[in-house]
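Residue-level listing of the chains:
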Amino acid sequence: SQQGEEDPQALSIQEGENATMNCSYKTSINNLQWYRQNSGRGLVHLILIRSNEREKHSGRLRVTLDTSKKSSSLLITASRAADTASYFCATDAYNYGQNFVFGPGTRLSVLP
Amino acid sequence: DTEVTQTPKHLVMGMTNKKSLKCEQHMGHRAMYWYKQKAKKPPELMFVYSYEKLSINESVPSRFSPECPNSSLLNLHLHALQPEDSALYLCASSSREGSYEQYFGPGTRLTVT
(Lines give C-alpha, C1' and ligand atoms only; values in the text may rest on other atoms or scores of the structure.)
Protein backbone atom coordinates (compact mmCIF):
# COMPACT_ATOMS: atom_id res chain seq x y z
CA SER A 1 0.00 0.00 0.00
CA GLN A 2 1.23 3.48 -0.79
CA GLN A 3 2.11 5.50 2.26
CA GLY A 4 3.18 8.94 1.11
CA GLU A 5 1.39 10.91 -1.59
CA GLU A 6 2.66 14.16 -3.06
CA ASP A 7 0.79 17.22 -4.14
CA PRO A 8 1.11 18.72 -6.71
CA GLN A 9 2.25 16.08 -9.19
CA ALA A 10 3.97 18.72 -11.29
CA LEU A 11 4.99 22.28 -10.54
CA SER A 12 6.47 24.90 -12.85
CA ILE A 13 7.88 28.16 -11.46
CA GLN A 14 10.27 30.96 -12.38
CA GLU A 15 13.77 31.20 -11.01
CA GLY A 16 13.81 33.09 -7.73
CA GLU A 17 10.32 32.01 -6.71
CA ASN A 18 9.57 29.66 -3.85
CA ALA A 19 8.35 26.11 -4.46
CA THR A 20 6.14 24.24 -2.01
CA MET A 21 5.43 20.54 -2.25
CA ASN A 22 3.15 18.59 0.04
CA CYS A 23 3.14 14.99 1.14
CA SER A 24 0.39 13.07 2.91
CA TYR A 25 0.59 9.64 4.46
CA LYS A 26 -1.80 7.18 6.03
CA THR A 27 -0.29 5.48 9.07
CA SER A 28 1.86 6.44 12.02
CA ILE A 29 5.50 6.85 11.11
CA ASN A 30 8.95 6.85 12.67
CA ASN A 31 10.26 9.56 10.39
CA LEU A 32 9.71 11.20 7.02
CA GLN A 33 12.43 11.93 4.51
CA TRP A 34 12.63 14.00 1.35
CA TYR A 35 14.72 12.99 -1.65
CA ARG A 36 15.55 14.64 -4.97
CA GLN A 37 16.05 12.79 -8.24
CA ASN A 38 17.44 14.35 -11.36
CA SER A 39 16.15 12.75 -14.54
CA GLY A 40 17.02 9.07 -14.75
CA ARG A 41 19.59 9.19 -11.98
CA GLY A 42 19.91 8.07 -8.39
CA LEU A 43 18.14 9.77 -5.52
CA VAL A 44 19.81 12.27 -3.23
CA HIS A 45 18.77 12.57 0.38
CA LEU A 46 17.68 16.10 1.31
CA ILE A 47 16.36 16.06 4.83
CA LEU A 48 15.00 13.73 7.50
CA ILE A 49 12.41 14.85 10.02
CA ARG A 50 11.50 12.64 12.95
CA SER A 51 7.97 12.11 14.14
CA ASN A 52 8.57 14.24 17.25
CA GLU A 53 9.87 17.20 15.22
CA ARG A 54 7.69 19.89 13.67
CA GLU A 55 10.08 21.83 11.48
CA LYS A 56 13.57 21.45 10.08
CA HIS A 57 15.79 23.65 7.95
CA SER A 58 18.72 22.90 5.68
CA GLY A 59 20.05 25.75 3.56
CA ARG A 60 17.22 26.84 1.26
CA LEU A 61 15.05 23.92 2.34
CA ARG A 62 12.40 24.03 5.01
CA VAL A 63 10.41 20.94 5.95
CA THR A 64 7.41 20.82 8.22
CA LEU A 65 5.67 17.81 9.68
CA ASP A 66 2.16 17.70 11.07
CA THR A 67 1.56 14.25 12.51
CA SER A 68 -2.02 15.09 13.49
CA LYS A 69 -2.82 15.71 9.82
CA LYS A 70 -0.36 13.08 8.61
CA SER A 71 1.22 15.55 6.24
CA SER A 72 4.54 17.21 5.48
CA SER A 73 5.63 20.04 3.26
CA LEU A 74 8.91 20.87 1.55
CA LEU A 75 9.63 24.50 0.80
CA ILE A 76 12.49 25.46 -1.50
CA THR A 77 13.20 29.17 -1.30
CA ALA A 78 14.76 31.31 -4.02
CA SER A 79 14.63 28.46 -6.52
CA ARG A 80 17.29 27.97 -9.18
CA ALA A 81 17.25 26.20 -12.53
CA ALA A 82 19.44 23.52 -10.94
CA ASP A 83 16.56 22.67 -8.58
CA THR A 84 14.67 21.19 -11.53
CA ALA A 85 14.11 17.58 -10.52
CA SER A 86 11.58 15.16 -9.07
CA TYR A 87 11.06 15.36 -5.33
CA PHE A 88 9.86 12.39 -3.31
CA CYS A 89 8.79 12.06 0.25
CA ALA A 90 9.45 8.71 1.88
CA THR A 91 8.10 7.36 5.12
CA ASP A 92 9.25 4.57 7.29
CA ALA A 93 7.08 3.03 9.91
CA TYR A 94 9.19 0.09 11.00
CA ASN A 95 7.68 0.18 14.46
CA TYR A 96 4.25 -0.05 12.87
CA GLY A 97 4.93 -2.87 10.44
CA GLN A 98 5.37 -0.64 7.40
CA ASN A 99 8.52 -0.72 5.32
CA PHE A 100 10.17 2.20 3.56
CA VAL A 101 7.69 3.67 1.06
CA PHE A 102 8.08 6.52 -1.41
CA GLY A 103 5.28 8.81 -2.46
CA PRO A 104 4.52 9.36 -6.17
CA GLY A 105 6.68 12.50 -6.32
CA THR A 106 6.42 16.06 -7.56
CA ARG A 107 8.15 17.03 -10.80
CA LEU A 108 9.50 20.54 -10.32
CA SER A 109 10.55 22.67 -13.28
CA VAL A 110 12.34 25.92 -12.54
CA LEU A 111 12.40 28.15 -15.59
CA PRO A 112 15.28 30.61 -16.06
CA ASP B 1 33.74 8.15 0.57
CA THR B 2 29.96 8.60 0.47
CA GLU B 3 29.45 6.90 -2.85
CA VAL B 4 27.40 3.91 -3.85
CA THR B 5 28.49 2.47 -7.18
CA GLN B 6 26.45 0.30 -9.50
CA THR B 7 27.48 -1.69 -12.54
CA PRO B 8 26.62 -1.89 -15.32
CA LYS B 9 25.01 1.47 -16.09
CA HIS B 10 22.97 -0.04 -18.89
CA LEU B 11 21.99 -3.63 -19.59
CA VAL B 12 20.02 -5.15 -22.44
CA MET B 13 19.10 -8.78 -22.06
CA GLY B 14 16.87 -11.34 -23.69
CA MET B 15 14.22 -13.23 -21.80
CA THR B 16 16.35 -16.38 -21.66
CA ASN B 17 19.55 -14.70 -20.45
CA LYS B 18 21.09 -14.75 -17.01
CA LYS B 19 22.75 -11.56 -15.85
CA SER B 20 23.73 -9.87 -12.61
CA LEU B 21 23.65 -6.34 -11.28
CA LYS B 22 26.31 -5.27 -8.85
CA CYS B 23 26.31 -2.65 -6.10
CA GLU B 24 29.17 -1.60 -3.84
CA GLN B 25 29.63 0.80 -0.94
CA HIS B 26 32.56 1.50 1.36
CA MET B 27 30.86 3.61 4.00
CA GLY B 28 30.66 0.79 6.53
CA HIS B 29 26.89 0.67 6.13
CA ARG B 30 25.22 -2.49 7.36
CA ALA B 31 21.93 -2.19 5.48
CA MET B 32 21.62 -2.39 1.71
CA TYR B 33 18.56 -2.13 -0.51
CA TRP B 34 17.35 -2.92 -4.01
CA TYR B 35 14.64 -0.78 -5.57
CA LYS B 36 12.88 -0.96 -8.91
CA GLN B 37 11.74 2.25 -10.57
CA LYS B 38 9.56 2.55 -13.66
CA ALA B 39 9.45 5.77 -15.67
CA LYS B 40 7.70 8.64 -13.89
CA LYS B 41 7.00 6.45 -10.86
CA PRO B 42 8.58 6.35 -7.40
CA PRO B 43 11.11 3.68 -6.45
CA GLU B 44 9.56 0.48 -5.14
CA LEU B 45 11.39 -1.47 -2.48
CA MET B 46 12.34 -5.00 -3.53
CA PHE B 47 14.81 -6.35 -0.97
CA VAL B 48 16.59 -5.26 2.20
CA TYR B 49 19.73 -6.83 3.60
CA SER B 50 20.72 -6.13 7.17
CA TYR B 51 24.10 -7.35 8.40
CA GLU B 52 24.38 -9.47 5.23
CA LYS B 53 21.13 -11.27 5.95
CA LEU B 54 17.98 -10.90 3.90
CA SER B 55 15.64 -8.89 6.07
CA ILE B 56 12.83 -7.94 3.71
CA ASN B 57 11.57 -9.47 0.46
CA GLU B 58 8.65 -7.50 -0.86
CA SER B 59 7.06 -10.49 -2.61
CA VAL B 60 9.43 -10.17 -5.52
CA PRO B 61 9.21 -12.90 -8.24
CA SER B 62 11.87 -15.60 -7.98
CA ARG B 63 13.39 -14.56 -11.30
CA PHE B 64 15.08 -11.85 -9.18
CA SER B 65 17.58 -13.35 -6.77
CA PRO B 66 19.53 -11.11 -4.39
CA GLU B 67 22.85 -11.94 -2.83
CA CYS B 68 24.99 -10.16 -0.26
CA PRO B 69 28.49 -11.75 -0.35
CA ASN B 70 29.90 -9.32 2.24
CA SER B 71 29.06 -6.08 3.99
CA SER B 72 30.19 -3.94 1.03
CA LEU B 73 28.66 -5.83 -1.88
CA LEU B 74 25.14 -6.48 -3.06
CA ASN B 75 24.20 -8.40 -6.18
CA LEU B 76 20.94 -8.92 -7.98
CA HIS B 77 20.86 -12.02 -10.17
CA LEU B 78 18.42 -11.94 -13.06
CA HIS B 79 17.04 -14.94 -14.90
CA ALA B 80 14.16 -15.44 -17.34
CA LEU B 81 12.97 -11.86 -17.04
CA GLN B 82 9.94 -10.45 -18.77
CA PRO B 83 9.73 -7.24 -20.84
CA GLU B 84 7.73 -5.61 -18.02
CA ASP B 85 10.81 -5.99 -15.81
CA SER B 86 12.49 -3.27 -17.85
CA ALA B 87 13.17 -0.44 -15.41
CA LEU B 88 15.83 1.50 -13.51
CA TYR B 89 17.22 -0.66 -10.70
CA LEU B 90 18.55 1.33 -7.80
CA CYS B 91 20.78 0.20 -4.99
CA ALA B 92 20.98 2.08 -1.71
CA SER B 93 22.66 1.72 1.65
CA SER B 94 22.21 3.11 5.13
CA SER B 95 24.14 2.82 8.35
CA ARG B 96 21.51 0.50 9.79
CA GLU B 97 18.12 -0.77 8.70
CA GLY B 98 15.38 1.51 9.92
CA SER B 99 15.04 5.25 10.32
CA TYR B 100 18.24 6.36 8.61
CA GLU B 101 18.97 8.30 5.47
CA GLN B 102 19.71 6.17 2.47
CA TYR B 103 22.51 6.75 -0.01
CA PHE B 104 21.61 5.78 -3.55
CA GLY B 105 23.69 4.63 -6.45
CA PRO B 106 23.08 5.99 -9.97
CA GLY B 107 21.14 2.91 -11.00
CA THR B 108 21.25 0.32 -13.77
CA ARG B 109 18.94 0.92 -16.70
CA LEU B 110 17.67 -2.56 -17.64
CA THR B 111 15.92 -3.36 -20.90
CA VAL B 112 14.48 -6.83 -21.43
CA THR B 113 13.85 -7.73 -25.07
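Novice: I keep staring at the overall build of chain A and nothing clicks. Help me out?
Specialist: Check the secondary structure of chain A and you find 0 helices and 11 strands. Listed N to C, the secondary structure of chain A is β-β-β-β-β-β-β-β-β-β-β in terms of helices and strands. Here chain A has a C-alpha radius of gyration of 13 Å; the compact-globule value for 112 residues is 13 Å, and the two agree. Considered along the principal axes of its C-alpha atoms, chain A spans approximately 45 × 30 × 20 Å. Here chain A holds 112 residues, and 46% of them are scored as buried. A separation of at least 24 residues holds for 56% of the contacts in chain A among residues at least 6 apart in sequence.

Novice: Would you take a moment to explain the interface of chain A and chain B for this structure?
Specialist: Many descriptions give the size of an interface as the accessible area lost when the pieces come together. Contacts between chain A and chain B engage 20 residues on the former and 21 residues on the latter. For the pair chain A and chain B, the summed buried surface comes to about 1500 Å²; carbon and sulfur atoms form 56% of the total. Our count for the chain A to chain B interface comes out at 0 salt bridges. When residues of the side of chain A that touches chain B are traced back to their parent elements, those giving at least two are β4 (31-37), β5 (43-50), β9 (85-93) and β10 (98-102) of chain A. For the side of chain A that touches chain B, the residue count by class is 8 nonpolar, 9 polar and 3 charged.

Novice: Whenever I open this one, the sheet that holds strand β1 (residues 4-7) of chain B confuses me. Can you help?
Specialist: Neighbouring strands of a sheet are bound in pairs by backbone hydrogen bonds; such pairs are parallel or else antiparallel. All names here are of chain B. Taken together, the 4 strands give an open sheet; going across it, the order is β1-β3-β8-β7, and neighbouring strands pair in antiparallel fashion. The sheet terminates laterally at β1 and β7 (64-70), the two strands that pair on one side only. The sheet shows a mean angle of 20 degrees between the axes of neighbouring strands, direction not considered. Sheet topology places β7 next to strand β8 (residues 73-79); 5 bridges connect them, and they run antiparallel. Each bridged residue has a counterpart across the sheet, and for E67 the counterpart in β8 is N75.

Novice: Is there a simple way to explain the packing of aromatic side chains in this structure?
Specialist: Centre distance and the angle of the planes are the two values used to describe a pair of aromatic rings. Across all of its chains, the model carries 10 aromatic pairs over all chains by this definition. Centre to centre, the rings of Y35 of chain A and F104 of chain B are 5.7 Å apart; their planes meet at 80 degrees, and the pair counts as edge-to-face. Within this pair, whereas Y35 of chain A is found in strand β4, its partner F104 of chain B is found in strand β10 (residues 103-104), the two belonging to separate chains. Residue Y35 of chain A is classed as buried on the basis of its relative accessible area of 0%. For F104 of chain B, a relative accessible area of 10% puts it in the buried group. Look at Y35 of chain B and F104 of chain B: their rings are 5.4 Å apart centre to centre, the planes differ by 40 degrees, and that puts the pair in the tilted class.

Novice: Please explain the sheet that holds strand β8 (residues 71-76) of chain A as it appears in this structure.
Specialist: Residue and element names in this part refer to chain A. Taken in spatial order, the 5 strands of this open sheet run β1-β3-β8-β7-β6, and their pairing is antiparallel. Every other strand in the sheet has two partners, leaving β1 (5-7) and β6 (55-58) as the edge strands with one partner each. Here the strands of the sheet are splayed against their neighbours by 20 degrees on average, with no regard to which way each runs. Where β1 and strand β3 (residues 19-24) come together, 3 bridges link them in antiparallel fashion.

Reading the values: the criteria
- Residues numbered from 1 in each chain as written.
- Chains lettered and ligands numbered in written order.
- Predicted model: local features only at pLDDT ≥ 70, side-chain atom pairs only at ≥ 80, totals over all residues.
- Heavy atoms only, no water.
- Helix = DSSP H or I, 4+ residues; strand = E, 2+ residues; numbered from the N terminus.
- Rg over C-alpha atoms; globule rule 2.2 N^0.38 Å.
- Buried < 20%, exposed > 50% of the residue type's maximum accessible area, 1.4 Å probe, protein only.
- Contact = heavy atoms within 4.5 Å.
- Buried area = accessible area lost by both parts, 1.4 Å probe.
- Salt bridge = Lys/Arg side-chain N within 4 Å of Asp/Glu carboxyl O.
- Nonpolar A, V, L, I, M, F, W, Y, C, P; charged D, E, K, R; others polar.
- Pairing = 2+ DSSP bridges.
- Axes fitted to C-alpha atoms, helices over the stretch in contact; angles between N-to-C directions.
- Phe/Tyr/Trp six-rings, centres within 6.5 Å; stacked < 30°, edge-to-face > 60°.

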